[in-house]
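This is what each chain is made of:
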Amino acid sequence: MKKNIFIALSSFFVSTTLFAQQNDDFYTPRTTNFWSDVKIGGGLGLGFGSGFTNIAVSPSAIKPITEQLSAGVGLQFNYLKSKGFYESTSYGANLIGIYSPAPMIQLSAELEQLRVNNTWFTNFAATNAVKENFWNTALFLGAGYTEGNVTLGVRYNVLYKDDNLVYSQAWMPFIRVYF
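Here we summarise the structure given alongside this text. Source: prediction; values computed, not measured.

What counts and how
- Residues numbered from 1 in each chain as written.
- Predicted model: local features only at pLDDT ≥ 70, side-chain atom pairs only at ≥ 80, totals over all residues.
- Heavy atoms only, no water.
- Helix = DSSP H or I, 4+ residues; strand = E, 2+ residues; numbered from the N terminus.
- Buried < 20%, exposed > 50% of the residue type's maximum accessible area, 1.4 Å probe, protein only.
- Contact = heavy atoms within 4.5 Å.
- Pairing = 2+ DSSP bridges.
- Core = buried A, V, L, I, M, F, W, Y, C linked by side-chain atoms within 4.5 Å.
- Salt bridge = Lys/Arg side-chain N within 4 Å of Asp/Glu carboxyl O.

In terms of regular secondary structure, the protein is built from one helix and eight strands. Split into buried and exposed, the 179 residues of the protein put 26% on the buried side. Looking at the protein alone, contacts between residues at least 24 apart form 43% of all its contacts between residues at least 6 apart.

With that settled, the discussion passes to the pairing of strand β4 (residues 86-102). Judged from the 14 bridges that link them, strand β3 (residues 69-82) and β4 form a sheet pairing that is antiparallel. Residue G72 lies in a different strand from β4, and its bridge partner there is I96. Two successive antiparallel strands, β3 and β4, enclose a turn made up of three residues, where G84 displays a positive phi of approximately 80°. Pairing of β4 with strand β5 (residues 105-121) involves 15 bridges; the strand directions are antiparallel. By the bridge assignment, Y91 is partnered in β5 with R115. Counting the residues between successive antiparallel strands, the hairpin from β4 to β5 contains two residues.

The next thing to look at is the nonpolar core. Formed by L114, V116, F134, A138, F140, Y167 and M172, the largest nonpolar core amounts to seven residues. Listing elements by their share of this core, those giving two or more residues are β5 and β6 (129-147). Element by element, the count of residues in this core is highest for β6, at three residues. Not counting chain neighbours up to four residues away, the residues in contact with F140 comprise S108, A109, E110, E112, R155, Y156, N157, Y167 and M172.

Along the polypeptide, F134 turns up in strand β6. Exposure remark for F134: the relative accessible area of 17% places this residue in the buried category. Remark: the alpha-carbon pair of F134 and S90, spanning 44 residues in sequence, is separated by 9.6 Å. With sequence-adjacent residues up to four places away left out, F134 is seen in contact with L114, R115, V116, N118, N164 and V166.

Attention shifts here to the pattern of salt bridges. One pass over the structure, following the stated rule, counts three salt bridges. Among the salt bridges present, the one from R155 reaches E110, with a minimum N-O distance of 2.8 Å. Here the residue R155 occupies a position in strand β7 (residues 150-157), and E110 occupies one in strand β5, the gap between them amounting to 45 residues. Here R155 and E110 have matching classes, each one buried. Salt bridges linked by common partners bring E110, R155 and R176 together as one network.

Here is the structure:
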């Protein structure tokens, strides 16, 4: 009787151990390289009118950390000119974090650092120009609706100041495209 119990218990432990060794779903090593799932995208804006030019280029890249969380970096360049009145050039970098609680919802936080160079032309003459150069930091919190590679949403600059002369208001719509 003791021999049968010993054999039964031994068989149970051996089969459990063998079964545990065959469980391939417990750990799957990563077989892709770092760049294989990086998404590239950003924004491009062009505006032209009578004596008015606006050019904005903002490439960025994001890397999924989990199925719902991504993080990335970006560059930004903006040029704005109103002939005879105002000219502004800004350039810088940003860090972005994106969280998707559902496939169609995107929440984001974006920290932006820009070097801003503004020139006002007084009396419509370049010789009477007033120049202002400064660094501007913005922290945008946003929410958007995602369909495929495109997200349409709105973001809010929590560090916005009326007198910083970079953005005209704290609320800003956005379109993000990543491939």
